[in-house]
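What the coordinates show
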Amino acid sequence: MVDLRAKPYYLSEEQEAWVKRSIASMSPEEKIGQLFTIMTYLPGVREENIKRELDSFHQGGLRWQRKTAEETYEQNRLYQKHSRIPLLIAANCDTGGAECVPDGTYIATAAQATAGGDERTAYHIGLVSAREAGSIGANWLFNPVCDIYLNWRNTIVNTRSFGEDPDTVLRMARAYIRGVRDSGFAMACTAKHFPGDGTEERDQHLVIGCNDQSVEEWEQSFGKVYRGLIDDGIEAVMVGHICQRALSQKYRPGIRDEEILPATLAPELLNDVLRQELGFNGLIITDATQMIGFNAAMPREKAIPAAIAAGCDMILFTNDTAEDFGYMRAGVESGVITPERLQEALERILGLKAKLGLTESYAYPSPEYKTKYVGCAEHLAFRREAAELCTTLVKDTQKILPIDPKGKRAFLVYEHNIPNTRAYSGDPVRELLKDELERVGFTVDICPTFYDLEAESGVNFRNFLTMMDKGSRKTFRQKYDLVLLVLNYTGYAQTNEVRVTWSTDHSVDQPWYLAEVPTVAVSLNFTNHLHDIPQAKTFINAYGSKPENIRALVERLIGKSAFTGKAEENVFCGRWETKL
């Protein structure tokens, strides 16, 4: 049985009685439904569809995607209206409220927060995330990210991690949580992704992840972070589709390699390590179960109930909801999920609901909070402060900064992800960069890209010829005083690591100009690009593509403001020549 009076629940006698009474009142179908946190993707808000879904599946949790604050507020209100037991409504807010609604406020990435040196930005990310998510009906954050950036090649963790040092990650995660606690909303937090991402470069959206640390290495890194947050009373842990061979071998002596499973399906990692060794009494939820790391381990028919049987309390997302519901029902009826294990999971789910006030007396947030918080001036000021505090000069070995823009002509090379839709019509960040540079006095020419030429004039061999034409080096040197090479790569779940990809081969945007004209290279996102352009003598991490980030970058280029951000060692990618 679960101790609901203890950390992290601290329920009263009355609250505990509500949990037991509610579980006892559930039908078998309702009990199964409580084990799922379901994603809603459908556009618009239709009350009849929401009611039909809840009547069919009785889910315990909800997440949503791509709806405005107004739509999300109404959607979540209707879900709570028609749910017999109020729902855990989750938001994924790594960088602020913009990740839960498009009109919310982006503050900063975790990497950016750490570059600022103190805990202020991490605190603001948590505060804004909880305020904006809470005001539209959410009560559960899938944050903070507790992964440690130990492998510079890892672009899943790169900007989502608070860094390469376990003590820093723990300190910043605690600051994020303090922000959440100070928000005024009843909001649960979640440490993710146990047993720890960031040691390898692969993406568990595409493969079963592997944390290959020794037991001792794990204890001193991820173990330290999780132990600290669990001791603090964090309410939930999200478990990654990541195996940890050394820990599995320690707690299951004789286990064969082919028997080692990702943590979502590994009872030795969930029970022996997370529950017993680390003393976690809260709710365990899987990472998204559409990910290949989960589905490659065993057939989904077995994996869905096996995750609960192994020790997870909730399943995050469904594939075919009716089918997954049936798989879970079969697992309960066959005894794969024992009555005791089902009861434990339900007590933890309902225990968290009781802690958050999601009982008969629950009152949905007033709409005034949405108006007060989402995209408000105070939150935008936090974003501006983060940009000013955290923009980082990684190196300037050619000693060209600051640059007087008066009379200077700049060649702007802007590189971004390969467009994956025929709807591509240009990147607005490039125009924002141009405008900011011209505002301070530069004359700016934009380097063409193959993507833009194809979008503008269609498929034509001339596009390739245009990209190949670099012209006279002498003429280029006479024309330009500066090249600004700006890299804005984002993304996951398509490739195991995201790297610099030039728009076509042998093209004018590739860095042939590094040895011809003083060049400043800038990353607006990932911090590991020096591996692909090690010859760049001046490199800046700006950590974002919002107007505030661009302005902070340009003002520091011209010496109007000082660089105050600090770079971690991983930005040099373990290479000697990247430091030159």
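Computed from a predicted model, the values in this text were never measured in an experiment.

With that settled, consider the overall build of the chain. In terms of regular secondary structure, the chain is built from 22 helices and 16 strands. Its C-alpha atoms give the chain a radius of gyration of 25 Å, near enough to 25 Å, the size a compact globule of 580 residues would have. Considering only C-alpha atoms, the chain reaches an extent of 80 × 55 × 45 Å along its principal axes. Taking all 580 residues of the chain together, 58% fall into the buried category. Counting only contacts in the chain whose residues sit at least 6 apart along the sequence, the fraction spanning at least 24 positions is 78%.

Moving on, we get to the sheet that holds strand β10 (residues 314-316). Spatial strand order, β4-β3-β2-β1-β10-β9-β7-β5: 8 strands in an open sheet with parallel pairing. Looking at which strands have only one partner, the edges of the open sheet turn out to be β4 (140-141) and β5 (190-194). The sheet contact formed by strand β3 (residues 88-91) and β4 spans 2 bridges and is parallel. Pairing of A91 across the sheet is with L141, part of β4.

Counting through the fold element by element, G458 comes out in the loop between α19 (450-457) and α20 (461-468). Owing to a relative accessible area of 26%, G458 belongs among the partly exposed residues under this scheme. Contact partners of G458, with chain neighbours within four places excluded, come to L453 and N463.

Turning to helix α14 (residues 321-334), a few remarks are in order. Taking 1.5 Å as the rise per residue, α14 with 14 residues should run 20 Å; its terminal C-alpha atoms sit 20 Å apart, in good agreement. Listed as buried for α14 are T321, D324, F325, Y327, M328 and G331. Down the axis of α14, the smallest arc covering the buried residues is 155°, so these residues share one side. For α14, the exposed residues lying more than 90 degrees away from the buried face are E333 and S334. Taken together, the buried residues of α14 touch α2 (28-33), β1 (36-40), α3 (47-57), α13 (300-310) and β10. Downstream of α14 by a residue or two, G335 has a phi angle that is positive, lying close to 90°.

Another point: the packing of aromatic side chains. All told, the structure shown has 14 aromatic pairs when counted by the stated rule. Judged by centre distance (5.5 Å) and plane angle (70°), the rings of W512 and Y513 are edge-to-face. The pair W512 / Y513 is uniform in exposure class, with both members buried. Put simply, the rings of F411, F476, Y480, W512 and Y513 pair up and form one aromatic cluster. Positioned above the aromatic ring of Y73, the side-chain terminus of K370 is 5.4 Å from the ring centre. The lysine or arginine in question, K579, covers the ring of F572, its NZ or CZ lying 5.4 Å from the ring centre.

Turning next to the packing of helix α17 (residues 377-390) against helix α22 (residues 547-557). Taken N-terminus to C-terminus, the directions of α17 and α22 make an angle of 35°; their axes are 8 Å apart at the nearest point. The chirality of how α17 crosses α22 is right-handed. Judged by residue contacts, L380, R383, R384, A387 and E388 of α17 engage E548, N549, A552 and R556 from α22. The residue inventory of the contact of α17 with α22, partitioned by class, reads 3 nonpolar, 1 polar and 5 charged.

Calculation criteria
- Residues numbered from 1 in each chain as written.
- Predicted model: local features only at pLDDT ≥ 70, side-chain atom pairs only at ≥ 80, totals over all residues.
- Heavy atoms only, no water.
- Helix = DSSP H or I, 4+ residues; strand = E, 2+ residues; numbered from the N terminus.
- Rg over C-alpha atoms; globule rule 2.2 N^0.38 Å.
- Buried < 20%, exposed > 50% of the residue type's maximum accessible area, 1.4 Å probe, protein only.
- Contact = heavy atoms within 4.5 Å.
- Pairing = 2+ DSSP bridges.
- Expected span 1.5 Å × (residues − 1).
- Arc of directions from axis to C-beta.
- Phe/Tyr/Trp six-rings, centres within 6.5 Å; stacked < 30°, edge-to-face > 60°.
- Lys NZ or Arg CZ within 6 Å of the ring centre and 35° of its normal.
- Axes fitted to C-alpha atoms, helices over the stretch in contact; angles between N-to-C directions.
- Left-handed = near helix turned anticlockwise from the far one by under 90°.
- Nonpolar A, V, L, I, M, F, W, Y, C, P; charged D, E, K, R; others polar.

These results come straight from atomic positions and should not be treated as a statement about function.
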